[in-house]
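# Structural features, examined
Below are the chains, spelled out letter by letter.
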Amino acid sequence: MGSLFRSEEMALCQLFLQSESAYTCVSELGELGLVQFRDLNPDVNAFQRKFVNEVRRCDEMERKLRYLEREIRKDGIPVLDTGENPEAPMPREMIDLEVKFEKLENELKEVNSNAEALKRNYLELTELKHILKKTQVFFDEALYPPNLPYDQEVYFDDDERINLLMDTSLHHLMHIGFVAGVILRERIPAFERMLWRACRGNVFLRQAEMDDPLEDPATGEQVYKSVFIIFFQGDQLKMRVKKICEGFRATMYPCPEAPADRREMAMGVKTRLDDLNTVLSQTQDHRHRVLVSAARNIRAWMMKVWKIKSIYHTLNMFNLDVIQNGLIAECWIPVANWEDVQLALRRGTEKSGSLPAILNRLSTLEAPPTFHRTNKFTKAFQNLIDSYGVATYREINPAPFTIITFPFLFAIMFGDVGHGIIMALFGGWMVWREKPLSAKKTDNEIWNIFFGGRYIILLMGLFSMYTGLIYNDVFSKSINLFGSSWHGAYNDSTIQQNKELTLDPADVKQYDQYPYPFGLDPMWQLSNNKINFYNSYKMKISIIFGIVHMLFGVILSVWNHKFFNKAMNIYCEFIPQIIFLTCLFVYLVLLVFHKWVWYGAGGDVSTSPSCAPSILITFINM
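- Per an unreviewed UniProt entry, the recorded name for the protein chain is V-type proton ATPase subunit a, and the organism is Cherax quadricarinatus.
- Regarding the protein chain, the relevant UniProt record gives this comment under Subcellular location (unreviewed entry): "Membrane".
- What UniProt records for the protein chain under Sequence similarities (unreviewed entry) is the sentence "Belongs to the V-ATPase 116 kDa subunit family."

Structural data, given as C-alpha cells:
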C-alpha cells in the first residue's frame, strides 16, 4: 500500500555538524519539516544546556513583541498578515532585532507614560473645572437669605448683591471653613453616613452629580463622579473631614472663597485644558504612527523569533564533540525523503561556508515514530483519527476509509435535506474562500475548528442531503415527489379534517401495495403510528451499517498481520473474531433481512407480521 494507507518507513540517522554550520543546517531542516530529533541530553537540566542564553534572549524578544501586539490590539489597528514565511535570521541578525525591539518598547513605554501623565493632569483640571462650576452654584444659593425676596436681586448687579449680603445677613459665615472635592458616585451614600456619624452632625454637605463620565488614566474605563463641598467650623473638624475624604479616596481641590478669584481660576483652568487637548492629540498621533509602523511587520518579526527559538531549542538536544569542535545529533527521517534531507544539509553548509555535514543511517530495535503524509483534504480526517489514538508504526491508516464512513454514519443520524443543504453551503463557502480565510489568522478556537474541518462539514452536508431524501425529511417535513401510495381511501378532505391518521399496510383500501419509488412515503408524516415505523426502520438500518463497519475494521487487521508476518494472530485473533461476529451480529442482520423479505403486511397467515419472529426474544433465547 502507498503512504496514504500506511505510515511512512522511517530510518534512525546520526548527524555530524560543524559548530559554524549547525544553526543554518537545522534551519534548513526545519523548513523541510521532515526530521524528528531525539534528545541526547535527557538528564541535563534545561538551564545547564549550551544554548540556554540564546533561548532566554528569544524569550525576551517574544515578550517585547507580545507587548507591542497588545498595544496594537488595544488601539484597534489591524495587523497585516501577508501569509509569507520569512527565513530564520542568521545569528548575527539577532542583535539587530534585539536593538530594534528594545527601541520600540522604550519609545512606546515613554509615550504611554507621558500620555498617562497628561491624562491624569487633564482629569484633575476637568474635575477642578466642575468643582468651580458647581460650588459657584452652591454659594449663589447661600447668598439668598430667606428674608430677602427673590425678585429683589434684579435691582443689584453681582458685586452690589454680594457686598450687600456680606454686610447684612452673612457676616456670621466668615469664620466657617469648607472643603471641596470629587468622589465616585457610588460612594456618596456611605460618605454622607460616615461624615454624619464621625462629626456628630456638625458639618453641612452639598453634592451634585457630574453629567458626563470621566476617563480613568490608569485603567481607561469611564467612571461617574460627583462634586461635593463640606462646611465645618474649627480646625479639629477640618482634620477629621480631611481624613474621611482620604479614606474614601476622594480628591480634594483648593477652591477660593471670593467669587472673583473663582472666576479667574476657572478661566485659567479652561486655558490649560485647551493646551492639554492639543498636546494629548499630538501624543496620540505619535503613538498611533509608531503602532501602525510596527503592525506592518509584527507577524514577520514574531515568525523570525519563533524560528530562532526553535533552532536553539533543537540545538540543545545535540551532544557537543569537544575534540572535533562539532555537534552530534540523532534523528528520525522518512526513507523516501533521504535525498531531500541531504540537499537541505548541503544548502545549510553552503550558507555558513564550513565543512559538509555527515549523515549516517543507524540500525536500531527501537520502535520508530508514526508519520502520515497529509494534504489539506486528508489532514482533518487524520486529526480526527489521531484524536482517538495514533496508529502503530507501519500499521494500516484508517483515515482514508474515514473519508467516506464518518460523514455517511453522521448522515444516517442526521438525515435531513434542509439541514444538509445548510451544512453543505457553509462547508462549500469555506472551501471556496479557503485562501483568503486561511490568510486571516485568528485566535478564535471555535472558528479554527470549523475551518480546519471544512471538508468534513462539506461531505457531512452532502451525505445528509442523500439520507434526508431517503428519510423524506426536509426541515422535518415530508415532500410528495412521486405521488403517495396511500391515496386509495383518502382524499384532500380526509387529510384536512384529520390531523393524524393510522396507516395499516395490510388494508388494500388504504395502500396500493406498491412502494414509494425513492425513500419513505410522505403519508407516514401524518400517521399517529409513524414513530413505531420510523424507529424500527432507522434502528435496523443503523444496526446493519454499524455491523458492516465493525466487520470491515476486523477484516483490515488481516493486512496488518500479513505485513508484520504474524501468522499466529490470523488463527488466534482474526478467525475467532470473525466467528464470534458472524454467529451473533451477522446472524442478526440476516434476521432483519429475513423479516423484511419474507413477512409482509398482506398475503398468507403464515407470512403475516404477527407470525414474524422477534429478534430481541431470539437473542435472549440464544
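### Quick notes on the overall build of the protein chain
- Check the secondary structure of the protein chain and you find 18 helices and 11 strands.
- Looking at the 622 residues of the protein chain, the share that counts as buried comes to 38%.
- Look at the contacts in the protein chain between residues 6 or more apart in sequence, and 78% of them connect residues 24 or more apart.
- A total of about 36800 Å² of accessible surface is found on the protein chain, and carbon and sulfur atoms cover 57% of it.

### Section: unusual backbone geometry
- One non-glycine residue with positive phi stands out, namely R394, at about 65°.
- With respect to the helices, strands and loops of the structure, R394 is situated in the loop between helix 9 (378-388) and helix 10 (399-413).
- Judged by its relative accessible area of 19%, R394 falls in the buried class.
- Positioned with a positive phi, F475 is a non-glycine residue whose angle comes to about 55°.
- Turning to its location among the elements, F475 is positioned in the loop between helix 14 (454-471) and helix 15 (492-497).
- What makes F475 partly exposed here is its relative accessible area of 44%.

### Thoughts on the UniProt feature "transmembrane region" (unreviewed entry) in the protein chain
- Here the UniProt-annotated "transmembrane region" (unreviewed entry) positions come out as residues 408-432, 453-471, 541-559 and 571-593.
- The span residues 571-593 shows a helical share of 100% and a strand share of 0%, and its end C-alpha atoms are spaced 30 Å apart.

### Focus: the sheet that holds strand 7 (residues 225-232)
- Sheet architecture is open: 4 strands sit in the order 4-7-3-8, paired in antiparallel fashion. The open sheet is flanked by strand 4 (204-209) and strand 8 (251-253), the only strands paired with a single partner. Across this sheet, the average inter-strand angle for adjacent strands is 25°, counted without regard to direction.
- Pairing geometry for strand 3 (residues 177-184) and strand 8, over 3 bridges, is antiparallel. Its bridge partner lying in strand 8, V182 is registered against T251.
- Sitting on the sheet, helix 5 (residues 188-198) touches strand 3, strand 4 and strand 7, and the angle it makes with strand 4 is about 175°.

### With respect to the environment of P515
- Position of P515 among the secondary structure elements: in the loop between helix 15 and helix 16 (530-563).
- Residue classification places P515 among the exposed positions, given a relative accessible area of 60%.
- Sequence separation of P515 and S484 is 31 residues, and the distance between their C-alpha atoms is 8.9 Å.

Rules used in this analysis
Residues numbered from 1 in each chain as written. Predicted model: local features only at pLDDT ≥ 70, side-chain atom pairs only at ≥ 80, totals over all residues. Heavy atoms only, no water. UniProt positions renumbered as here; feature names shortened; annotations may be inferred. Helix = DSSP H or I, 4+ residues; strand = E, 2+ residues; numbered from the N terminus. Buried < 20%, exposed > 50% of the residue type's maximum accessible area, 1.4 Å probe, protein only. Contact = heavy atoms within 4.5 Å. Areas by Shrake-Rupley, 256 points an atom, 1.4 Å probe, with all protein chains shown as cover. Pairing = 2+ DSSP bridges. Axes fitted to C-alpha atoms, helices over the stretch in contact; angles between N-to-C directions.

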